[in-house]
Amino acid sequence: MATGRRGASTAVKDLHDGQPVWSQSTYGTITVSALTKDERCDVLVVGAGITGALTALHLAEAGYDVIVVDRRVPGTGSTIASTAMIQFEIDEPLTGLAKTLGPAKAARVYRRSFQAVKDLKTLIKKHELRADWVDRDALYLAGNVMGRRALEKEARAREKIGLPSTYLDAETLKEMYGFDRTGAIISAGAAELDPMRTCIACLKAARDMGAKIYSPVSVTASEQDGDDIRVATTDGPDIICRHLVMATGYEVSPAIPKGSFDIVSSWAIATQPIKPQRFWRDRCLVWEASDPYLYMRATADNRIVIGGEDADVSAPSRRAAAIPAKSKKLLEKAKELTGLDEIECDYSWAGAFAENPKGLPVFKRLHDVKGGYAILGCGGNGITFSVIGAQIIRDWIGGTSDPDASLFRG
Ligand SMILES: Cc1cc2nc3c(=O)[nH]c(=O)nc-3n(C[C@H](O)[C@H](O)[C@H](O)COP(=O)(O)OP(=O)(O)OC[C@H]3O[C@@H](n4cnc5c(N)ncnc54)[C@H](O)[C@@H]3O)c2cc1C
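Just so it is clear, the model here is predicted, and its values are computed rather than measured.

Section: the overall build of the protein chain
A count of helices and strands for the protein chain gives nine helices and 18 strands. For the protein chain, whose C-alpha radius of gyration is 21 Å, the value lies close to the compact-globule estimate of 22 Å for 410 residues. Taken over the C-alpha atoms alone, the protein chain extends approximately 65 × 45 × 40 Å along its principal axes. Counting contacts in the protein chain only where the partners sit at least 6 residues apart, residues at least 24 apart contribute 77% of the total.

What to know about the nonpolar core
In this structure, Leu44, Ala56, Val66 and Leu203 are the most contacted members of the largest nonpolar core, which totals 139 residues. It is helix H3 (residues 103-126) that provides the largest number of residues to this core, a total of 10 residues. For this core, the domains that each give at least three residues are domain 1 (16-81 + 196-259 + 359-408) and domain 2 (262-353). Among residues more than four places away in sequence, those in contact with Val66 are Cys41, Asp42, Val43, Val45, Ala56, Leu59, Ala60, Ala206 and Ala211.

Digging into the environment of Phe363
As for its position among the elements, Phe363 is in strand S17 (residues 362-365). A tally of 27 C-beta atoms within 10 Å means that Phe363 is categorised as buried. Each C-alpha atom of the pair Phe363 and Ser406 lies 9.0 Å from the other, and the pair is 43 residues apart in sequence.

What about the site of the ligand?
Residues in close proximity to the ligand total 39 residues, the closest being Gly49, Gly77, Gly249, Gly351 and Gly382. When residues of the shell around the ligand are traced back to their parent elements, those giving at least two are helix H1 (50-61), strand S12 (262-271), strand S16 (345-355) and helix H9 (382-397). Across the shell around the ligand, the residue classes break down as 14 nonpolar, 21 polar and four charged.

Re the pairing of strand S15 (residues 304-311)
Within S15, six of the eight residues are buried, which leaves the element mostly enclosed by the surrounding structure. Bridge count between S12 and S15: five bridges; the pairing is antiparallel. Directly across from Ile269, in S15, lies its bridge partner Ile306. With five bridges joining them, strand S14 (residues 294-298) and S15 adopt antiparallel strand pairing. Note that in S15 the partner of Ala298 across the bridge is Ile304. Hairpin connection from S14 to S15: five residues lie between these consecutive antiparallel strands, with Asn302 at a positive phi of about 65°.

Examining the domain arrangement of the protein chain
As assigned here, the protein chain comprises domain 1 (16-81 + 196-259 + 359-408) and domain 2 (262-353). Between domain 1 and domain 2, the C-alpha centre-to-centre distance is 29 Å. With nine residues of domain 1 in contact, the opposing surface of domain 2 contributes 15 residues. Residues that form the side of domain 1 that touches domain 2 fall into these classes: four nonpolar, four polar and one charged.

Let's talk about helix H4 (residues 148-160)
Here H4 contains 13 residues, and its C-alpha end-to-end distance of 18 Å stays within 8% of the 18 Å for a straight helix at 1.5 Å per residue. Considered for burial, the residues of H4 that qualify are Leu151, Glu154, Ala155, Ala157 and Arg158. Around the axis of H4, the buried residues are gathered within 160° of arc, so they sit on the same side. Exposed residues on H4 whose side chains face more than 90 degrees from its buried face are Arg149 and Lys160. In the core, the buried residues of H4 are packed alongside helix H2 (94-101), strand S5 (134-141), strand S6 (165-169) and strand S7 (183-192). Gly162 sits one or two positions beyond H4 and adopts a positive phi of about 85°.

Digging into the packing of H3 against H9
The geometry of H3 relative to H9 is characterised by a closest axis approach of 9 Å and an angle of 85° between their N-to-C directions. For the element pair H3 / H9, the angle class is roughly perpendicular. Listed contacts from H9 to Arg112, Ser113, Ala116, Val117, Asp119 and Leu120 of H3 are Thr384, Val387 and Ile388. When the residues that make up the contact of H3 with H9 are grouped by side-chain class, the tally is five nonpolar, two polar and two charged.

Thoughts on the pairing of S7
In regular strands, side chains alternate between the two faces of the sheet. Counting buried positions over the 10 residues of S7 gives nine, a clear majority of the element. Pairing between strand S4 (residues 85-86) and S7: two bridges, direction antiparallel. Looking at the pairing, Ile86 lines up with Ala191 of S7. The sheet contact formed by S5 and S7 spans seven bridges and is antiparallel. Residue pairing across strands places Ala138 opposite Ser187, the latter belonging to S7.

Description of the environment of Thr182
Turning to its location among the elements, Thr182 is positioned in the loop between helix H5 (170-177) and S7. Look at Thr182 and you get partly exposed, because 14 C-beta atoms sit within 10 Å. For the pair Thr182 and Ala205, spaced 23 residues apart in sequence, the C-alpha to C-alpha distance is 45 Å. Those residues in contact with Thr182, other than ones at most four positions away along the chain, are Ala142, Gly147, Arg148 and Ala170.

Some details on the confidence of the model for the protein chain
Scored by pLDDT, the protein chain comes out at a mean of 94, with 98% of its residues at no less than 70. Of the regions scoring below 50 in pLDDT, residues 1-5 engages in 17 contacts with residues more than four places distant in sequence or in other chains.

Procedures and definitions
- Residues numbered from 1 in each chain as written.
- Predicted model: local features only at pLDDT ≥ 70, side-chain atom pairs only at ≥ 80, totals over all residues.
- Helix = DSSP H or I, 4+ residues; strand = E, 2+ residues; numbered from the N terminus.
- Rg over C-alpha atoms; globule rule 2.2 N^0.38 Å.
- Contact = placed C-beta atoms within 7 Å.
- Core = buried A, V, L, I, M, F, W, Y, C linked by C-beta atoms within 7 Å.
- Buried ≥ 20, exposed ≤ 12 C-beta atoms within 10 Å, placed from the backbone.
- Domains from an automatic or database assignment.
- Near = placed C-beta within 6 Å.
- Nonpolar A, V, L, I, M, F, W, Y, C, P; charged D, E, K, R; others polar.
- Pairing = 2+ DSSP bridges.
- Expected span 1.5 Å × (residues − 1).
- Arc of directions from axis to C-beta.
- Axes fitted to C-alpha atoms, helices over the stretch in contact; angles between N-to-C directions.
- Parallel < 35°, antiparallel > 145°, perpendicular 65-115°, else oblique.
- pLDDT = per-residue confidence, 0-100.

Now the structure itself:
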């Protein structure tokens, strides 16, 4: 029985409240098994959210014998609460990141993030995953954090490193998109998807390549056993693996340093379906350089998902209690921005959310077991970061080192 505790035990948290719009989507079910006896594998992935699913798929593709376990039904942690805007633009602008990391490293983060979105599209195409992926542009509006001058500078910095971002002045913005702001950046290379469908589809593709999925299984401890890692679960059986990946989302692995993230809250709504012709130009993703910020995207069934209003609230009861007021605010702000007076709220929900000042994810090797790793995707780009994390961890397991890994140490 494994006794070490540092890397593998995670506290159970209330990750979301209300009703996320994806709870209505037909993402299909994945057959999971009960863990009734000890198992052995090359890699054990703890967590069957989008991060664990992408990691399992990358590892199964690389030929590893993979087991995925989750204490919940796959996807029903934070993944079902995600608004799933897929962007290379991270919460911290390139110009801001250049001040903290230096221009060269900041450029590497942005380029890697751009490549990760492309790689996710390729993966979805290659495995014909039902993800509801649609290529979109992303429109970043001037706000109270970055005004038009700062956005102009940001667009120039991105263009300089080859990213597809262009500054729009107020007049052009109004003419093209109908939005009344002092300026904006329009960027290609973004997308929308259905996070539940994507998560389940990745798990199915991994399973088709031999991965096994067990749920509900809660991992409680891990210890080194020669070259193996012996992982204990609440229900008794152990899983013996060569490598352990903690993809436990905001039920954060103790291996991730406490000072490298904060858990805050975010709120979102989805409107009733609207007439397709009522959408703004190209149904681009919209977000703003404001605090608190607003963002919007379309869904395949013609709803608008509106999110933001992030606040430094970690208590689930306070997060849930704020849903009606936050939903009203999000709807009002979206009406004011789009001029769509007819929109009504159909779904509203709130979720826990990890943040750090750099807006970067944290990928760590576990200290207590050789061959153990942990991933935490902070900020509004958790899914893009999950792709980078899956790639870096696959390479670590394969014995090669990804040159960008050092950018995401926390
Ligand atoms: C409201 C909201 C909006 C968001 N919008 C976006 C967005 O627009 N774009 C974007 O890219 N990202 C967005 N994110 C972030 C993104 O959704 C997250 O980064 C992502 O869902 C995290 O996935 P995950 O697999 O890491 O975590 P989860 O989905 O929570 O999966 C982790 C799983 O690990 C399991 N687990 C934990 N500990 C154990 C254990 N000890 N044993 C067994 N199982 C365990 C849990 O049960 C859980 O199912 C948003 C998040 C929220 C809440």
